[in-house]
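Residue-level listing of the chains:
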Amino acid sequence: MTRSSAQGRSDAGHDLFKGMAKKKKVKDNKKETPPQIQVGIHGRYQIKSGPLAGKFVARAFAKPPTKARGLIAEASGMTEEVAITALHDVIDARENRRIEARRKDPRTGISVPSIEEYAEALGHVALTRTQHAMLTALSVADADGLTEAQLANAAGYKSLASANRSLASAGRLISSYLSLEANSKVQPAAVEYGSILVVRGEPQDETDPGNWILYPELRDAVKATL
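Residues numbered from 1 in each chain as written. Predicted model: local features only at pLDDT ≥ 70, side-chain atom pairs only at ≥ 80, totals over all residues. Heavy atoms only, no water.

**Student:** Which parts of the structure should I look at to understand the overall build of the protein chain?
**Tutor:** Of the regular secondary structure elements, the protein chain holds seven helices and eight strands. The burial tally for the protein chain puts 37% of its 226 residues in the buried class. Relative to all contacts within the protein chain whose residues are 6 or more apart in sequence, the contacts with residues 24 or more apart total 50%. Put simply, the protein chain shows about 13,600 Å² of open surface, and 54% of that area lies on carbon and sulfur atoms. (Helix = DSSP H or I, 4+ residues; strand = E, 2+ residues; numbered from the N terminus. Buried < 20%, exposed > 50% of the residue type's maximum accessible area, 1.4 Å probe, protein only. Contact = heavy atoms within 4.5 Å. Areas by Shrake-Rupley, 256 points an atom, 1.4 Å probe, with all protein chains shown as cover.)

Here it is in structure tokens:
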């Protein structure tokens, strides 16, 4: 056997195995390719849909940016469009049930959300460290509530006005998430959106505005969430 023929056979063998390796790699890549996932939005939720086990599934999650995780709702169908439409119906029905179940507080006129609604909102909105501190302190105070000075001190505020504005800001975030409306019956006007979170307690005298007291639904949600 000549050197050139041996070299030719060696090259041919090398090329053959190289080609087989390439073909196997392509086949493996096809196996590992995940099904395409479509992403959309419905209300305050992110919708992810795609094929799964011979049908299409659509699932609702918290809309980014959020630290919350977990499935909100799910629906399936023979086509992706059918699954998404069914999920929209599930979400809308869920929201309507929640709204109808809210109680109206006679002191503020607010339609108070359930523990479940408040807990979901607390898990999704971006509250500051001081807002966390205020809500936690109010939840620990239970039905007695806290004076403005006590609440400011719990969050490290030197100014009562700053503490009230921060409370109002937290209320605005939660009201926006839950599509609630503030009520100006709560004074002072600077904490109008605080009425989403708190109600005034009975004043001790003419100079006392009354303690801030969390709605009981929110107290329970804060204890379970923050």
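**Student:** Help me understand the layout of surface pockets, please; the structure alone is not making it clear to me.
**Tutor:** It is a probe the size of a water molecule, rolled over the atoms, that shows where empty space is left. In this structure, the largest pocket encloses a volume near 420 Å³. Around the largest pocket, the lining is made up of 17 residues, and of these P65, T66, H124, V125 and A126 lie nearest the centre. Listing elements by their share of the lining of the largest pocket, those giving two or more residues are α3 (115-124) and α6 (160-178). Partitioning the lining of the largest pocket into residue classes produces nine nonpolar, five polar and three charged. Here the second largest pocket is characterised by a volume of approximately 150 Å³. In terms of lining, the second largest pocket is formed by 10 residues, of which the most central are I37, K48, G50, V57 and R59. Elements with a minimum of two residues in the lining of the second largest pocket: β2 (45-52) and β3 (55-62). (1 Å grid on protein atoms, 1.4 Å probe; cavity = no way out; pocket = protein on both sides within 12 Å on 5 of 7 lines; lining within 4 Å. Points joined across faces, edges and corners; volume = space filled by probe spheres on them. Nonpolar A, V, L, I, M, F, W, Y, C, P; charged D, E, K, R; others polar.)

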